[in-house]
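Summary of structural features
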Amino acid sequence: MKKYHVIIFGCQMNISDAERVSAVLESMKYKNTTNINGADLIAVVMCSIRQSAVDRVYGIIEKLKKSNKKPLTILTGCVLKKDKRAFTDGFDYVIDIKDIKKIPAIIKKSKTKTTDDYFDITPKYASRNSAYIPIMTGCNNFCSYCVVPYTRGREISRQAEEIVTETKNLVKTGYKEIWLLGQNVNSYKNKQINFPKLLKIVNDVPGDFKLNFTSSHPKDFSDELIDAMTKCDKLSMDLNLPIQSGDDEILKKMNRPYTVTQYKNLVKKIRKALPKIRLSTDIIVGFPGETRKQFNNTLKILKEIGYGVAFINKYSARAGTAAAKMKDDVPWVEKKRREKILIELTNG
Ligand code: 5AD
Ligand code: SF4
């Protein structure tokens, strides 16, 4: 029996990718192993958001080169075009995430009929309790620091009927937590169904489960969505609403088209409609040109809003993005200092 091992980097979207990769490998009669050394095939689902994950993939390549087992290696997930070239030397196959259905054909060089449809694959869910359902992939927002529009391409929304069928099957099998996933779920649109409508439709699938969604862009968080949320009895009260910075000038440079005041008003509206909501957020410290004063504005907004959890990221320049052309002038130690202050604030 041939065995495969999957290494996952990054976000929930990548967990969802890995579940689809596993399903494809199992259709090829591979069995999963948690032991990398015993694997005949290693699939890496990578994340390019931060340079540190990319560096770890280089580390994996080095290790594989030294191993005498020589397993078959596949790299997929969020891979930048420029890295693809470098990685083709280290991996047997570098496969676009949209093409993972082609893995059997690529490996066996067989005439297996394939389609390009990522959503077509019934995934092998990693958890027995919660399941991730991608509702859209890609992003059209081009936040100046972010590689996602380059690695995942433009937004594509999935058919609502498919999402509902997947939800029904999962709930029937006993899943208690459903996550609707997308880089920007709020811009979901398929035929006449937008995200608020989809949320309500999924909520109304019979059964006992909690409903979550991520990620949300504040600019697309509509009144219609807030209203739909109040009508969804299965909705989890945890909501991630990334602010990224508490300074208007930095937000503008990040190409995040909202001001701190607009964000605060949005939070006010959400809390008024859903008083039990627990907010979390994402922050980037040390964006190019971020002064101490601008950082202090972020500190201020974190205190003011009072998030349950805040994910603090040190800015890391990503080649090809608009911000990579700006001077990365906040020293690493200063980024670390700012990160520490915010972590202490949000953990304390
Ligand atoms: N540097 C640091 N953090 C980043 N993020 C995205 N791109 C970068 C980058 N270049 C963070 C954002 C996003 C989260 C998933 O990762 O805060 O919300
Ligand atoms: Fe990246 Fe911005 Fe799109 Fe989120 S909304 S995936 S941060 S470009």
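Anyway, here's the lowdown on the structure attached to this text. A quick note: this is a predicted structure, and the numbers were derived from the prediction, not measured.

Turning our eyes to something else, we now look at the layout of surface pockets. Counted as a void, the largest pocket has a volume near 1,200 Å³. Along its surface, the largest pocket is lined by 49 residues, and Cys-11, Ile-49, Ser-215, Asn-240 and Asp-282 are the ones closest to its centre. Of all elements in the fold, only helix 1 (12–27), helix 5 (148–151), strand 9 (177–181), strand 12 (210–214), strand 13 (238–240), strand 14 (278–285) and strand 15 (309–314) reach the threshold of two or more residues within the lining of the largest pocket. For the lining of the largest pocket, the per-class residue count stands at 24 nonpolar, 18 polar and seven charged.

Turning our attention to the site of ligand 2. Around ligand 2, the surrounding shell consists of Cys-139, Asn-141, Phe-142, Cys-143, Tyr-145, Cys-146, Val-148, Pro-149, Gln-183, His-217 and Arg-256. Of the residues contributing to the shell around ligand 2, the split by class is seven nonpolar, three polar and one charged.

For the rest of this paragraph, the subject is the packing of helix 8 (residues 223–230) against helix 10 (residues 260–273). In the contact formed by helix 8 and helix 10, the axes pass within 10 Å of each other and the chain directions differ by 25°. Between helix 8 and helix 10, the angle is such that the two are roughly parallel. Considering only the axes of helix 8 and helix 10, their crossing is right-handed. Touching Asp-223, Ile-226 and Thr-230 of helix 8 are Leu-266, Lys-269, Ile-270 and Ala-273, all from helix 10. Looking at side-chain class alone, the contact of helix 8 with helix 10 contains four nonpolar, one polar and two charged residues.

Thresholds, definitions, all that
Residues numbered from 1 in each chain as written. Chains lettered and ligands numbered in written order. Predicted model: local features only at pLDDT ≥ 70, side-chain atom pairs only at ≥ 80, totals over all residues. Heavy atoms only, no water. 1 Å grid on protein atoms, 1.4 Å probe; cavity = no way out; pocket = protein on both sides within 12 Å on 5 of 7 lines; lining within 4 Å. Points joined across faces, edges and corners; volume = space filled by probe spheres on them. Helix = DSSP H or I, 4+ residues; strand = E, 2+ residues; numbered from the N terminus. Nonpolar A, V, L, I, M, F, W, Y, C, P; charged D, E, K, R; others polar. Near = heavy atom within 4 Å. Axes fitted to C-alpha atoms, helices over the stretch in contact; angles between N-to-C directions. Parallel < 35°, antiparallel > 145°, perpendicular 65-115°, else oblique. Left-handed = near helix turned anticlockwise from the far one by under 90°. Contact = heavy atoms within 4.5 Å.

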